[in-house]
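Here's the letter readout for the chains.
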Amino acid sequence: SLLFCTEHPFGHLIDTLQSLSPLEKLPFCMRVLLESTIRKCDGFYIKTDDVSSILDWQKQQNQAEVAFSPARVLLQDFTGIPAMVDLAAMRDALAKQGVDPNLVNPRCPTDLIVDHSLQIDYSKCAIQSPPSPMDESHGATTRSPAGRPSPRGSSSSGSHCSGQRPGHRGGCSKVSCSDAPSGRSAAVQIENTPLLCPFHLQPVSEPETMIRNQEMELIRNKERLQFFKWCSKAFKNINVVPPDINTVHQLNLEYLCQVVQEGEGFIYPDSVVGTDSHTTMINGLGILGWGVGGIESEAVMLGQPVSLTLPQVVGCKLVGTISPLATSIDIVLGITKHLRQAGIGGKFVEFFGPGVQQLSAPDRTTIANMCPEYNATVSFFPVDDITLQHFKHTSTDHTKLVVLEDYLKAIKLFRSYSDQSEEPQYSEVIEMNLSSIVPHVSGPKRPQDRVAVTCMKEDFINCLNEKVGFKGFHISKEKQATQVPFLHEGAEYNLAHGSVVIAAVISCTNNCNPSVMLAAGLLAKKAIEAGLKVKPYIRTSLVPGSGIVTHYLNTSGVLPYLRKLGFEVVGYGCATCVGNTAPLPESVVDAIKQGDLVACGVLSGNRHLEGRLCDCVRANYLASPPLVVAYAIAGTVSINLETEPLGVNSEGKDVYLRDIWPSKEEVNHTEENIVIASMFKELRSRMEKGSSFWNSLESAESALFPWDPKSTYIRCPSFFNKLSKEACTPQSIEGAYPLLFLGDKVTTDHISPAGSIARVSAAAKYLQSKRLTPREFNSYGARRGNDAVMTRGTFASIKLQNRLIGKTGPRTLHIPSGQTLDVFEAAERYQRDGVPLIILAGKEYGSGSSRDWAAKGPYLMGVRAVIAESFEKIHRNHLVGMGIAPLQFLSGQNADSLELCGKERFTINIPQELTPRQQLVVQTSTGKSFSVTALFENDMDVAFFRHGGILKYVARSLLP
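Values in this document were obtained by computation on a predicted structure and should not be read as measured data.

Criteria and cut-off values
- Residues numbered from 1 in each chain as written.
- Predicted model: local features only at pLDDT ≥ 70, side-chain atom pairs only at ≥ 80, totals over all residues.
- Heavy atoms only, no water.
- Helix = DSSP H or I, 4+ residues; strand = E, 2+ residues; numbered from the N terminus.
- Buried < 20%, exposed > 50% of the residue type's maximum accessible area, 1.4 Å probe, protein only.
- Salt bridge = Lys/Arg side-chain N within 4 Å of Asp/Glu carboxyl O.
- Arc of directions from axis to C-beta.
- 1 Å grid on protein atoms, 1.4 Å probe; cavity = no way out; pocket = protein on both sides within 12 Å on 5 of 7 lines; lining within 4 Å.
- Points joined across faces, edges and corners; volume = space filled by probe spheres on them.
- Nonpolar A, V, L, I, M, F, W, Y, C, P; charged D, E, K, R; others polar.
- Phe/Tyr/Trp six-rings, centres within 6.5 Å; stacked < 30°, edge-to-face > 60°.
- Lys NZ or Arg CZ within 6 Å of the ring centre and 35° of its normal.
- Core = buried A, V, L, I, M, F, W, Y, C linked by side-chain atoms within 4.5 Å.
- Contact = heavy atoms within 4.5 Å.
- Axes fitted to C-alpha atoms, helices over the stretch in contact; angles between N-to-C directions.
- Parallel < 35°, antiparallel > 145°, perpendicular 65-115°, else oblique.
- Left-handed = near helix turned anticlockwise from the far one by under 90°.
- pLDDT = per-residue confidence, 0-100.
- Pairing = 2+ DSSP bridges.
- Lys, Arg positive; Asp, Glu negative; His and termini not counted.
- Polar contact = N/O pair within 3.5 Å; in protein donor to acceptor, adjacent residues only side chain to side chain.

Enquirer: Sorry if this is basic, but what is going on with the overall build of the protein here?
Expert: Looking only at helices and strands, the protein features 33 helices and 41 strands. The proportion of buried residues among the 960 residues of the protein is 62%.

Structural data, given as structure tokens:
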């Protein structure tokens, strides 16, 4: 144990750790930082000053920069691809230098979860059939139910596509699953199922829904999966979780978390950084963790700590008693609003007070998950008796539990709420009374806009009246009563303002808590028994966060009732929250457009921005799973669930929500009898066995990855081209042209878009040269493993405002020739001529989502430096990590005050003995001279810059 290590450089501190008064008053989350800093102190990455700063946290908060080495890294599929491609490329580069490629491995234990994103092709009893990237001849020939070939566009005895969408003539017909495109799993042979038009839906039988969605995902991502399979065999210190197991969030909670780790002769607290904003869920179990960008995660994988400014820690004191009708989602949304109003952006939050003991471990992870919505970095629940009880129910190793408890108590990381002397000192304290929380939904456009269920009808009418804004839709009074009749499956229905057309029960993040999912199932059971139904045109779906959720819903007997209401399991992954909802029936879409209706979606997720679920659904509400089911039954959000009936049963009797709402005792009894250790044991068994598709997937056995030159998804990047054994001394940048002249608040979306690939873009031209059609382009996000696509996608945003050309778009001026070109084409021409490039920008360059290719792309374009008024901190780190110099104008200066036109040539004098935050002189071809500050925060940053980025730094460390 670290506690008893006497030869450690901080042995004198460790021996007296329990009696140190600063430790007694440190927030628990800061104690985790302190332990890691002491254990990892090496004098270069982590220094003794870092330890001193944390011990003196009260005075150093918001001032001192410290380094933190987490215990592990968590990657999801989209961000895991570029990270692992970089390591594979590093192996190639070192092998060319005569170095054993097997030496290249993650230095920090890394878990890569393949399942993260799920596209819903099948919904309820329907399938949407997008073109498969593995099948270029999709739709060329189909077969009728009898097996007879029928040409494209011909009709058969099956349902016929009407072809109402622009550019589509229809003629879709049913086919046999056995005639599916090449590459589709042969394990599922179901006759008379439809091959569908990309724009329409046709019915398939219920049991197929989840299987077919998973099958389509495996086909769509076969190249990526083969690469991941090779990674799982080739690299040490990385655990690749196969597809069809669980989502990244759930796996982190149910399988990967340890609370206490063992390794290198130490016992130490578990901690994690992950490439997803909802990594924060893990803090609910007393494990410190948060989301980081792609390059940051790569840096940690390669042994570099995370740099952070010592945060303020806000203590959130929970008091009062929770209402029996309030679910964890109500508590989450209540705390979200409370903390957002308190202005805790960028701070750590730590929960304490008597109310914490009323929250189960799943409740806590649900609350911790919402960090990104109230802008906290971390929401931490220290380990206490409830946490231990949770692990006793889910762990099979009693010995480890004993060690866990003894260790945490020994180093004062165990929380006892009965001992008031354990109260830490916080930067500030916010108190919240849990008894004030009543059932709410959140919307119609933002998660912080909460509406009490009893006020829902009144609030929705107010939204119709208000001007267009965060809540308003500005529908005139005379049009608010509009009803539009339409036909669906031969029956007539009416749509009005407030009609529910999407209802999604999701359990991966906010609602990973079993109690709320069981409540939804019990509500469905009572609704069916009461004779209630969901209208068939409502696009319903059930997306469990893991197989465990499906298991306990099925074992408890409620899954069949959810299915009867239309909530069919469609698969595992991010679906409705990220807009992957199957298209609405055309008759519904037409009715919405005809009446200019404010149609509604209700989901138990965490994101619901306007138009995100579907572009014709303007009002979207977050709600607990049982309320999603309730509103689906009601068919409208314009209802007072307390005083108005949900519907009428077969006997004509009104049925109210109170008649079918399960009591807290019912839910708790079901949870206690279903959510047991056997389910976690089953998960571990599934993890060990893997999926049949994964196990049968072929991949190379070599230490070097066999790059396929024909692949448009996986490509060896050029980061290591001409890798020398020694790093060059810093070279001045001479005669550089500005590639772009940008203004304020240039986001990473401007720099490296993640969405669809425009048909006229440089990336599109590249893909077309590979004989791909526009429908096969996919998105930039899906092609993060191909540097040729991503480099061409750099600065490809249609919203980019470049002062060199004076208009919006992904274009720039090639200054020597005076031609206006695509940004990539201009950069390519500059590189061909051996001309270095810089970027001029204003304030907050690189703000927005953390994105690795926002630094990798400019690097591969030949950008050597970015001169800006200010940088977003994470993006600054990414630039340094790629060997690009982040240079800041001196206070009070900018491109305008210095009268720069952006067409000058720039020479930046970089001394050989470069030091952190050194001022450098910039000279222009017009004779101007000004100074900038090199934003290298420490010696580590300078070392990375000298080597041309962290990837080359690590590669050279392995050279003889």
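Enquirer: What is the right way to look at the pattern of salt bridges in this model?
Expert: Should the charged atoms of two oppositely charged side chains come close, the side chains can pair. Counted according to the given criterion, the structure contains 29 salt bridges. For Lys 233, the salt bridge identified is with Glu 701, shortest N-O distance 2.9 Å. With a gap of 468 residues between them, Lys 233 in helix H8 (residues 222–234) and Glu 701 in the loop between helix H25 (692–696) and strand S31 (733–741) connect regions that are remote in the sequence. Here Asp 384 and Arg 364 are joined by a salt bridge, their closest N and O atoms 3.0 Å apart. With Asp 384 in the loop between strand S19 (378–380) and helix H14 (385–394) and Arg 364 in helix H12 (residues 361–369), this pair connects stretches of sequence that are 20 residues apart.

Enquirer: Got a minute to help me understand helix H4 (residues 48–55) in this structure?
Expert: Residues that lie three or four places apart on an α-helix share one face, since the helix turns once every 3.6 residues. For H4, the set of buried residues is Asp 50, Val 51, Ser 53 and Ile 54. Buried residues along H4 cover an arc of 160° about the axis, so they all sit on one side.

Enquirer: Please explain empty space enclosed by the protein as it appears in this structure.
Expert: A probe matching the size of a water molecule, rolled over the atoms, marks out where space remains unfilled. Throughout the structure, instances matching the rule amount to 8 cavities of 30 Å³ or more. Estimates place the volume of the second largest cavity at around 60 Å³. Taken together, Phe 28, Val 32, Val 259, Pro 269, Gly 286, Phe 380, Pro 382, Val 383, Leu 408 and Leu 413 form the lining of the second largest cavity. For the lining of the second largest cavity, the residue count by class is 9 nonpolar, 1 polar and no charged.

Enquirer: Is there a simple way to explain the packing of aromatic side chains in this structure?
Expert: Two measures describe an aromatic ring pair: the distance that separates the ring centres and the angle between the ring planes. Throughout the structure, instances matching the rule amount to 21 aromatic pairs. Consider the rings of Phe 705 and Trp 707, whose centres lie 5.0 Å apart with planes at 80°: the pair is edge-to-face. Measuring from ring centre to ring centre gives 6.0 Å for Tyr 845 and Phe 871, while their planes differ by 85°; the resulting arrangement is edge-to-face. With a gap of 26 residues between them, Tyr 845 in the loop between strand S36 (837–840) and helix H30 (853–861) and Phe 871 in the loop between strand S37 (863–868) and helix H31 (873–881) connect regions that are remote in the sequence. Here the two residues Tyr 845 and Phe 871 agree in accessibility, since each one is buried. Among the aromatic residues, those joined into a cluster by ring pairs are Phe 227, Phe 228, Trp 230, Phe 235, Phe 705 and Trp 707. Seen from the ring of Phe 28, Arg 31 lies directly overhead, with NZ or CZ sitting 4.1 Å from the centre. For Arg 803, the ring lying beneath its charged end belongs to Phe 741, and the centroid distance is 4.2 Å.

Enquirer: What's the story with the nonpolar core in this structure? I'm lost.
Expert: For soluble globular proteins, nonpolar side chains are generally found buried alongside one another. Among the nonpolar cores identified, the biggest contains 216 residues, and Phe 227 and Tyr 845 are the most heavily contacted of them. No other element matches helix H6 (residues 77–96), which puts 10 residues into this core. Sequence-distant contacts of Tyr 845, that is, excluding residues within four places in its chain, are made with Leu 742, Val 746, Ile 751, Phe 795, Ile 839, Val 866, Ala 868, Ser 870, Phe 871, Glu 872, His 875 and Leu 879. Counting residues in each nonpolar core, the second largest holds 75 residues, with Leu 518, Leu 553, Val 617 and Leu 627 among its members.

Enquirer: Even after reading the chapter, I still don't get the packing of helix H3 (residues 28–40) against H4, so can you show me in this structure?
Expert: The relative placement of two packed helices is expressed as an angle between their axes plus a distance between the axes. Packing of H3 against H4 leaves a shortest axis separation of 9 Å and a crossing angle of 160°. In this view, H3 runs roughly antiparallel relative to H4, as classed from their interaxial angle. Note that H3 runs across H4; the crossing there is left-handed. Where H3 abuts H4, its residues Met 30, Leu 33, Leu 34, Thr 37 and Ile 38 lie against Asp 50, Val 51, Ile 54 and Leu 55. A class-by-class count of the residues in the contact of H3 with H4 yields 7 nonpolar, 1 polar and 1 charged.

Enquirer: Explanation requested: the confidence of the model for the protein in the structure shown.
Expert: Predicted coordinates in regions of low pLDDT should not be interpreted in detail. On average, residues of the protein carry a pLDDT of 82, and 83% of them reach 70 or more. Below pLDDT 50 for its whole length, residues 14–19 participates in 13 contacts with residues either more than four positions away or in separate chains. The low-confidence segment residues 125–207 (pLDDT under 50) makes 159 contacts with residues lying over four places distant or belonging to another chain.

Enquirer: What's the story with the sheet that holds S19 in this structure? I'm lost.
Expert: Think of a sheet as strands paired side by side through backbone hydrogen bonds, with each pair either parallel or antiparallel. Strand order in the open sheet formed by 4 strands is S19-S18-S17-S20, with parallel pairing between adjacent strands. Looking along the sheet, the strands with just one partner apiece sit at the ends: S19 and strand S20 (428–433). The sheet shows a mean angle of 25° between the axes of neighbouring strands, direction not considered. On the sheet, H3 packs against strand S17 (313–319), strand S18 (348–352) and S19 and is oriented at approximately 125° with respect to S18.

Enquirer: Sorry, what's going on with the sheet that holds strand S11 (residues 238–241) here?
Expert: Read across the sheet, 5 strands follow the order S11-S3-S2-S14-S15 without closing on themselves; strand pairing throughout is parallel. Only two strands of the sheet have a single neighbouring strand rather than two, namely S11 and strand S15 (288–291). The mean angle between the axes of side-by-side strands here comes to 15°, regardless of whether they run parallel or antiparallel. Pairing between strand S2 (residues 72–76) and strand S3 (residues 110–113): 4 bridges, direction parallel. Residue pairing for S3: Leu 74 is matched across the bridge by Asp 111.

Enquirer: Any chance you could explain the side chain of Arg 792 here in plain terms?
Expert: Tracing the chain through its elements places Arg 792 in helix H28 (residues 787–792). Buried Arg 792, no salt bridge; nearest opposite-charge side chain is Glu 828, N-O distance 4.7 Å. Within the structure, Arg 792 has its side chain in polar contact with the backbone oxygen of Ala 788 (distance 3.0 Å). Residue contacts for Arg 792: discarding those within four places in its chain leaves Ala 762, Ala 763, Tyr 766 and Phe 824.

Enquirer: What is the right way to look at the environment of Leu 434 in this model?
Expert: In this fold, Leu 434 is placed in the loop between S20 and strand S21 (440–442). With relative accessibility at 0%, the residue Leu 434 sits in the buried group. Sequence separation between Leu 434 and Ile 322 is 112 residues, and the spatial gap between their C-alpha atoms is 5.3 Å. Here Leu 434 is in contact with Leu 318, Val 319, Gly 320, Thr 321, Ile 322, Gly 355 and Gln 358, once residues within four sequence places are set aside.

Enquirer: Could you clarify how one ought to interpret the pairing of strand S25 (residues 500–506) in this entry?
Expert: In summary, the side chains of a regular strand alternate between the two faces of the sheet. Counting buried positions along S25 yields 7 of 7 residues, so the element is predominantly enclosed. Of the strand pairs in this sheet, S25 and strand S27 (residues 600–603) are connected by 4 bridges, and their pairing is parallel. For Ala 503, the partnering residue across the bridge sits in S27 and is Val 602. Pairing geometry for S25 and strand S26 (residues 539–543), over 5 bridges, is parallel. Residue pairing for S26: Ile 502 is matched across the bridge by Arg 539.

Enquirer: How do you make sense of the side chain of Ser 604 when you look at a structure like this?
Expert: Structurally, Ser 604 can be placed in the loop between S27 and strand S28 (619–622). Taking the relative accessible area as the measure of exposure, Ser 604 reaches 1% and is therefore buried. Looking at Ser 604, its side chain comes within polar contact range of the main-chain nitrogen of Ile 506, at 2.7 Å.

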